[in-house]
Amino acid sequence: MIAFLGTGLMGAEFVRGLLARGESVRVWNRTRARAEPLREAGAELANDPAEAVRGAARVHLSLGDDAAVESVLEAALPALAPDALVLDHSTTAPLPTAERTKGLRARGIAYVHAPVFMGPKNARDATGLMLTCGEAALLARAKPILQTMTGKLLDLGADPARAAAFKLFGNLMIVFISSGLGDLFALAQGLNIAPTDARDLFDSFKASNTLDLRGKRMANGDYAATFELAMARKDVRLMLETAAATGAKLEVLPAIASHMDALIAQGLGEQDLGIVAKRR
């Protein structure tokens, strides 16, 4: 028996995938109505976390944050089988996750943090990317299970904070890209250009090369100029002037311009744009 605690968008599809692969699954969700459809798919519903985990060989968590994980674990642990494996797919903060991992291990509980870069369909179809970290012996036990639930499993080493940290890094990039696209589409609309047309530029212009090329140089502290900060700031000025002239409201770019100005005032204008990695 597998217990799955948390059946939101991701958790529910993980459960559907497990059921499709022939597993027996008992589920619990704080809002019971969200778990009810899984009964029709073949899952057993529990009334509380303790009931859900009782007798389960492994327990999966897909919860909202650290507070939810702590609360649900506190309710579940008294009923947890001594040899059960706890696999936590929740997106949580690195430092609390590390403390939680160490505390549970001190109590003899096999706990592995395994957050994911997936949408609901990935969770159901066992595709996408799953991260993990922790003690080698524990990961050796967990990996064969986790590999059946993902397209790729990325082992980040022994530090119990690393999977949580790298999950935040990935989501930070998603937030940045989405926010930048918001400004781009606003500027396009100000110029009477359809956002769909503006986005189509990136079928030809591969902006992702910034991660591959400039990103690697920035990570190594290499700011030899291929696109000078001062010239990039000039282009940002043109963007802001165009926005002002067309009534486009930009939310993200003004803050970037301010940071660029501070760096240029420090005499860094001839450095590569990557120097924006420098903090005051």
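Provided above is the structure to which this section pertains.
Since this is a predicted model, take the numbers as computed values, not measurements.

Asks: When you look at the sheet that holds strand β6 (residues 110-113) in this model, what are you seeing that I'm missing?
Replies: Within a beta sheet, neighbouring strands are joined by backbone hydrogen bonds and run either parallel or antiparallel to one another. Overall, parallel pairing links the six strands, which are arranged β3-β2-β1-β4-β5-β6 in an open sheet. Either end of the sheet is taken by a strand with one partner, and the two such strands are β3 (44-45) and β6. Where strand β1 (residues 2-5) lies against strand β2 (residues 25-28), four bridges are found, and the strand directions are parallel. What sits directly across from Ala3, in β2, is Arg26.

Asks: What is the right way to read the side chain of Asp183 from this model?
Replies: Tracing the backbone shows Asp183 in helix α8 (residues 162-190). A polar contact of 2.8 Å, which involves the side chain of Asp183, links it to the backbone nitrogen of Glu251. Beyond its immediate chain neighbours, meaning those up to four positions away, Asp183 contacts Lys249, Leu250, Glu251, Val252 and Leu253.

Asks: Help me out: how do you make sense of the sheet that holds strand β9 (residues 152-155) in this one?
Replies: On the basis of which strands lie adjacent, the open sheet formed by three strands has the order β7-β8-β9 and mixed pairing. Each edge of the open sheet carries a strand with a single partner, namely β7 (116-117) and β9. Alignment of strand β8 (residues 129-132) against β9, held across four bridges, turns out to be parallel. Note on β9: the bridge partner recorded for Met130 is Leu153.

About the cut-offs
Residues numbered from 1 in each chain as written. Predicted model: local features only at pLDDT ≥ 70, side-chain atom pairs only at ≥ 80, totals over all residues. Heavy atoms only, no water. Pairing = 2+ DSSP bridges. Helix = DSSP H or I, 4+ residues; strand = E, 2+ residues; numbered from the N terminus. Polar contact = N/O pair within 3.5 Å; in protein donor to acceptor, adjacent residues only side chain to side chain. Contact = heavy atoms within 4.5 Å.

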